[in-house]
Amino acid sequence: MDRHQVSLGLLFLRILGGGLLIHGRAWAWSELIHANRPLFQDFFGVGGEFTWILTVFSEFVCTLLVMLGIFTRFTAVPPLVVMLVMALAMPSGTAWSVRETYLLYALPFFVLTFTGPGEYSVDGRMAEWANPR
């Protein structure tokens, strides 16, 4: 397979995976900023409000950075961790379909953590500037 085809596939993965996460999860969280902040479980012992802020940051800001291809391997980790915590920290009676949704949101970020963004990204352009041919 040609490296341009792989980079195009990674571009689609970044845009579609990030777009689905922002549309499905982060947009609803951003609407709650104008309302009272929701009660949020304190998973890491840092406080429910701080955990909520970290969740919104990782689902919205880090996802936008992944979509643009800016520091992709680093910015893909926070949404991945949040989705895994959401999927695995649910009560034992939770339906599999709910857990599956979070795991499906995590999948593109898992892949991008290991592959990187490809050529069609800000990271790819910076690599070309650093190593001209």
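Here the structure is a predicted model, which means the values were calculated and not measured.

Visitor: Tell me about the overall build of the chain, and please be specific about residues and values.
Guide: Secondary structure assignment for the chain yields six helices and zero strands. Helices and strands in the chain line up, N terminus first, as α-α-α-α-α-α. Among the 133 residues that make up the chain, the fraction classed as buried is 35%. Split by element, the accessible area of the chain, about 8200 Å² in all, is 71% carbon and sulfur.

Visitor: Can you lay out a nonpolar patch on the surface for me, pointing to particular residues and giving the numbers?
Guide: On the surface, a cluster of nonpolar side chains totalling about 720 Å² of accessible area is made up of Leu68, Phe71, Phe74, Val122, Met126 and Trp129. Broken down by element, the nonpolar patch gets its largest block of residues, three residues, from helix H6 (residues 122-130).

Visitor: Lay out the confidence of the model for the chain in plain terms, naming residues and giving numbers.
Guide: Across the chain, pLDDT averages 86, with 87% of residues at or above 70. Mean pLDDT across the elements of the chain bottoms out in H6 (81) and peaks in helix H3 (residues 72-75) (95).

Visitor: So what's going on with the nonpolar core? Which residues, and what values?
Guide: By size, the foremost hydrophobic cluster in this structure holds 15 residues, and its most contacted members are Leu21, Val66, Ala76, Met83, Tyr102, Phe109 and Leu112. For this core, the secondary-structure elements that each account for two or more residues are helix H1 (3-31), helix H4 (77-88) and helix H5 (96-115). Not counting residues within four places of it along the chain, the set of residues in contact with Ala76 comprises Val66, Phe109, Leu112 and Thr113.

Visitor: Break down the environment of Leu11 for me, citing the residues and quoting the values.
Guide: Along the chain, Leu11 falls in helix H1. Along the primary structure Leu11 and Gly69 are separated by 58 residues, whereas in three dimensions their C-alpha atoms are 8.4 Å apart. Beyond its immediate sequence surroundings of up to four residues, Leu11 is in contact with Pro117 and Tyr120.

Visitor: Lay out H5 in plain terms, naming residues and giving numbers.
Guide: Between its first and last C-alpha, H5 extends 28 Å over 20 residues, near the 28 Å set by a 1.5 Å rise per residue. Along its length, H5 shows its largest kink, about 30 degrees, at Ala106, and proline Pro108 lies within four residues downstream of that point. Within the span of H5, buried status applies to Arg99, Tyr102, Tyr105, Ala106, Pro108, Phe109, Leu112 and Thr113. Remark: Gly116 follows H5 within two positions and exhibits a positive phi of approximately 85 degrees.

Visitor: Outline the packing of aromatic side chains, listing residues and values.
Guide: The relative placement of two aromatic rings is captured by the distance of their centres and the angle of their planes. For the structure shown, the criterion picks out one aromatic pair. On the basis of an interplanar angle of 70 degrees and a centroid distance of 5.1 Å, the ring pair of Phe110 and Phe114 is categorised as edge-to-face. Pair noted here: Phe110 and Phe114 are both in helix H5, with a separation of four residues, about one helical turn. Given the relative accessible area of 41%, Phe110 is considered partly exposed. What makes Phe114 exposed here is its relative accessible area of 57%.

Visitor: Explain unusual backbone geometry residue by residue, including any values.
Guide: Of note, the phi angle at Phe71 is positive, near 50 degrees, even though the residue is not glycine. Relative to the elements of secondary structure, Phe71 occurs in the loop between helix H2 (48-68) and H3. Accessibility expressed as a relative area gives 49% for Phe71, which makes it partly exposed.

Conventions and cut-offs
- Residues numbered from 1 in each chain as written.
- Predicted model: local features only at pLDDT ≥ 70, side-chain atom pairs only at ≥ 80, totals over all residues.
- Heavy atoms only, no water.
- Helix = DSSP H or I, 4+ residues; strand = E, 2+ residues; numbered from the N terminus.
- Buried < 20%, exposed > 50% of the residue type's maximum accessible area, 1.4 Å probe, protein only.
- Areas by Shrake-Rupley, 256 points an atom, 1.4 Å probe, with all protein chains shown as cover.
- Patch = residues over 30% accessible without salt bridge, like charges linked within 9 Å, V, L, I, M, F, W, Y side chains within 5 Å.
- Salt bridge = Lys/Arg side-chain N within 4 Å of Asp/Glu carboxyl O.
- pLDDT = per-residue confidence, 0-100.
- Core = buried A, V, L, I, M, F, W, Y, C linked by side-chain atoms within 4.5 Å.
- Contact = heavy atoms within 4.5 Å.
- Expected span 1.5 Å × (residues − 1).
- Bend = angle between axes of the 7 residues up to and from the residue.
- Phe/Tyr/Trp six-rings, centres within 6.5 Å; stacked < 30°, edge-to-face > 60°.

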